[in-house]
Amino acid sequence: MNRRLAALLVLVAACGDSSATPTVSATDGDAAASTQEPTGDHASASTEDHGTSTETATTGESDAESDGPTTTTGASAACGDGVVEARELCFHPPLRLAHGFEVVDVLAADLDRDGHTDLALVDIVDPRIWLLYGDGTGDFSRAQDLPGLSLTRGVAAHGHAGGAPLDLTTAELGFDAIGRHRAGDRPRTYALPTATATGHRPRALVADDLDGDGDDDLVLIAEGSAEAIVLLFDGDQIAATTSYPVGEEPYGVAVGDLDDDGRRDLAVVNRADGTASLLLGDGAGGFAAALTVDTTADPRSVVIADVDGDGRPDLGIAGYDSHTIEVLRQRGPLDFVAVDFLVDAGPYAIASADLDRDGTMDLAVVDHWGGEVLVLHRTDERVPRLTRLYADGTAFDVAIADLDHDGALDLAVATSQPSGVTILLADP
């Protein structure tokens, strides 16, 4: 039976004090890990302000050689010189764009195929999608808002091999359906939505080419009926729909290659039972029955990324009620070890990219309570870094893209109270 290791790193900063030194605790064991017996066999049983950001170094080492935690305040000396450098994590002050009543999701994509990244914002209270079209400088214009159906919750942009502007599909939580918004013949126009019935309480969806035919497909998570629903497209038409059982109250989904076989796989996090359901793809759009892996409590969002730089895909998970950023490090084929970073925050959504350009994937995690983005980076080192970036309001979601074509990645954060999106442009 494999052992499941969990390193507990507690990061608690004084409220409003960006120079506070966190408290860090670690238990005995390898990499300061506490050893726990697993509930099953993973393989066989079954996802600030520039100048005032806070960067915390944390360590899971419990031996005498550990340097211990350190805290630095302020931007790197290289910030703002216009040169994109490795290990540089610098951002301009937040730019707030007000829209709607309660924006809960944000998508970054080149919707009109003009070479610039655009944003789609989902408003759950006044159900609609706000479209913000980028001009390549970090500025946006609102061309159109699209009606949702009922409790619109998630959005995906998807295209086909023909290269036309991207269609938009929404998860309609209150309507047990998806809403299709087909791109019009004229730029930046969409037809009225058409509804397609799905499982109960659809919450999240993602687009990816699951069968390798050049057309984007969709994966939808139905929270109420505990299923992952795969919709395969032929051109702009749904050709096949297949449902796969997952854990209790699935909440987030990611697509990636978990077993390094060149095929697209799925990771679904299930908030009620604290598990991840891993579905391995066959390359033709089909998936095997889910393997189940234990996660932190109340997982809300998941990404598939090589976080520790060892060449194997890992899982990054936002644990909301557990106040945890969890990394499930893959140490062998579908054999995971959990490293848990306990934070003074409510991790709600997670995204991954190499934000500091050191060659290792970083995790950007939305703090639902504090209106911040927590960036966990340098995770391939003995002392990882946690950098807090202030966004605003109650934060729900984060998207990563180069919004201004400067070669550095930027952040877009969906917020409510105030409702809209906060743009954090990198300041290399």
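Residues numbered from 1 in each chain as written. Predicted model: local features only at pLDDT ≥ 70, side-chain atom pairs only at ≥ 80, totals over all residues. Heavy atoms only, no water.

Caption draft 1: Looking closely at the sheet that holds strand β21 (residues 291–294). Strand order in this open sheet of four strands is β18-β19-β20-β21, and the pairing throughout is antiparallel. Whereas interior strands pair on both sides, the edge strands pair on one side only; in this sheet they are β18 (250–256) and β21. Neighbour to neighbour, the strand axes of the sheet diverge by 25° on average, direction disregarded. Examined bridge by bridge, strand β20 (residues 275–279) and β21 share four bridges and lie antiparallel to one another. Following the sheet pairing, A276 is matched in β21 by V293. (Pairing = 2+ DSSP bridges. Helix = DSSP H or I, 4+ residues; strand = E, 2+ residues; numbered from the N terminus. Axes fitted to C-alpha atoms, helices over the stretch in contact; angles between N-to-C directions.)

Caption draft 2: Up close: the side chain of H181. Tracing the chain through its elements places H181 in strand β12 (residues 177–181). A relative accessible area of 0% means that H181 is categorised as buried. For H181, the residues in contact, after removing those within four places along its chain, are I129, L146, P147, D167, L168, T170, Y190, A191 and P193. (Buried < 20%, exposed > 50% of the residue type's maximum accessible area, 1.4 Å probe, protein only. Contact = heavy atoms within 4.5 Å.)

Caption draft 3: Fine view of the packing of aromatic side chains. In this structure the tally under the stated criterion is five aromatic pairs. Pairing Y244 with F287 gives two aromatic rings, centres 5.8 Å apart and planes at 85°, and the pair type is edge-to-face. Note that Y244 is positioned in strand β17 (residues 237–245) and F287 in the loop between β20 and β21, a separation of 43 residues in sequence. As far as burial versus exposure is concerned, Y244 and F287 are alike and both buried. Seen from their ring centres, Y348 and F396 are 5.7 Å apart, and the 90° between their planes marks the pair as edge-to-face. With Y348 in strand β26 (residues 347–353) and F396 in strand β30 (residues 394–401), this pair connects stretches of sequence that are 48 residues apart. The exposure class assigned to Y348 is buried, which follows from its relative accessible area of 8%. When its relative accessible area of 10% is taken as the criterion, F396 is described as buried. Among the aromatic residues, those joined into a ring-pair cluster are Y251, Y320, Y348, W369 and F396. The ring of W130 is capped by R128, whose NZ or CZ atom sits 6.0 Å from the centre of that ring. Looking at R300, its charged tip hangs above the ring of Y251, at a distance of 4.8 Å from the centre. (Phe/Tyr/Trp six-rings, centres within 6.5 Å; stacked < 30°, edge-to-face > 60°. Lys NZ or Arg CZ within 6 Å of the ring centre and 35° of its normal.)

Caption draft 4: Inspection of the state of the cysteines at higher detail. According to the stated counting rule, one finds one disulfide in the structure shown. Disulfide pairing is shown between C79 and C90; the S-S distance is 1.7 Å. With the S-S dihedral at roughly -70°, the linkage between C79 and C90 falls on the left-handed side. Residue C79 is found in the loop between β4 (70–73) and β5 (95–98), and its partner C90 is found in the loop between β4 and β5; the two are separated by 11 residues along the sequence. Here C79 matches C90 in class, with each residue buried. (Disulfide = S-S within 2.5 Å.)

Caption draft 5: Summary view of the confidence of the model for the protein chain. Averaged over all residues, the pLDDT of the protein chain is 84; the fraction at 70 or higher stands at 82%. Predicted confidence is poor over residues 1–75, with pLDDT under 50, and the contacts of this stretch with residues over four places away or in other chains come to 193 contacts. (pLDDT = per-residue confidence, 0-100.)

Caption draft 6: Highlighting the sheet that holds strand β16 (residues 227–234). A sheet is described by the order of its strands in space; here four strands give the open sequence β14-β15-β16-β17, paired in antiparallel fashion. In the strand order of this sheet, the two ends are held by β14 (202–208) and β17, each with one partner. Strand after strand, the sheet turns through a mean of 20° between neighbouring axes, direction not considered.

Caption draft 7: How the structure looks around unusual backbone geometry. Along the chain, Q417 connects to P418 via a cis peptide bond; the corresponding omega equals 5°. Considering the arrangement of structural elements, one finds P418 in the loop between β31 (410–416) and β32 (420–424). One non-glycine residue, R87, lies in the positive phi region at around 65°. Counting through the fold element by element, R87 comes out in the loop between β4 and β5. Here the phi dihedral of D260 falls at roughly 60°; this positive angle occurs in a residue that is not glycine. What makes D260 exposed here is its relative accessible area of 65%.

Caption draft 8: A look at the pattern of salt bridges. For the coordinates displayed, the defined rule picks out 21 salt bridges. Between R329 and D308 there is a salt bridge, with the nearest N and O atoms lying 2.8 Å from each other. Of this pair, R329 sits in strand β24 (residues 324–332) while D308 is found in the loop between β22 (299–305) and β23 (314–319), placing the two residues 21 residues apart along the sequence. For R329, a relative accessible area of 33% corresponds to the partly exposed category. One salt bridge connects R388 with D367, and the closest N-O pair in it is separated by 4.0 Å. Of the two residues, R388 is situated in strand β29 (residues 385–390) and D367 in strand β27 (residues 362–367); the sequence distance between them amounts to 21 residues. The class of D367 is buried, set by a relative accessible area of 3%. Put simply, E249, R271, D298 and R300 are held in one network by salt bridges that share partners. (Salt bridge = Lys/Arg side-chain N within 4 Å of Asp/Glu carboxyl O.)

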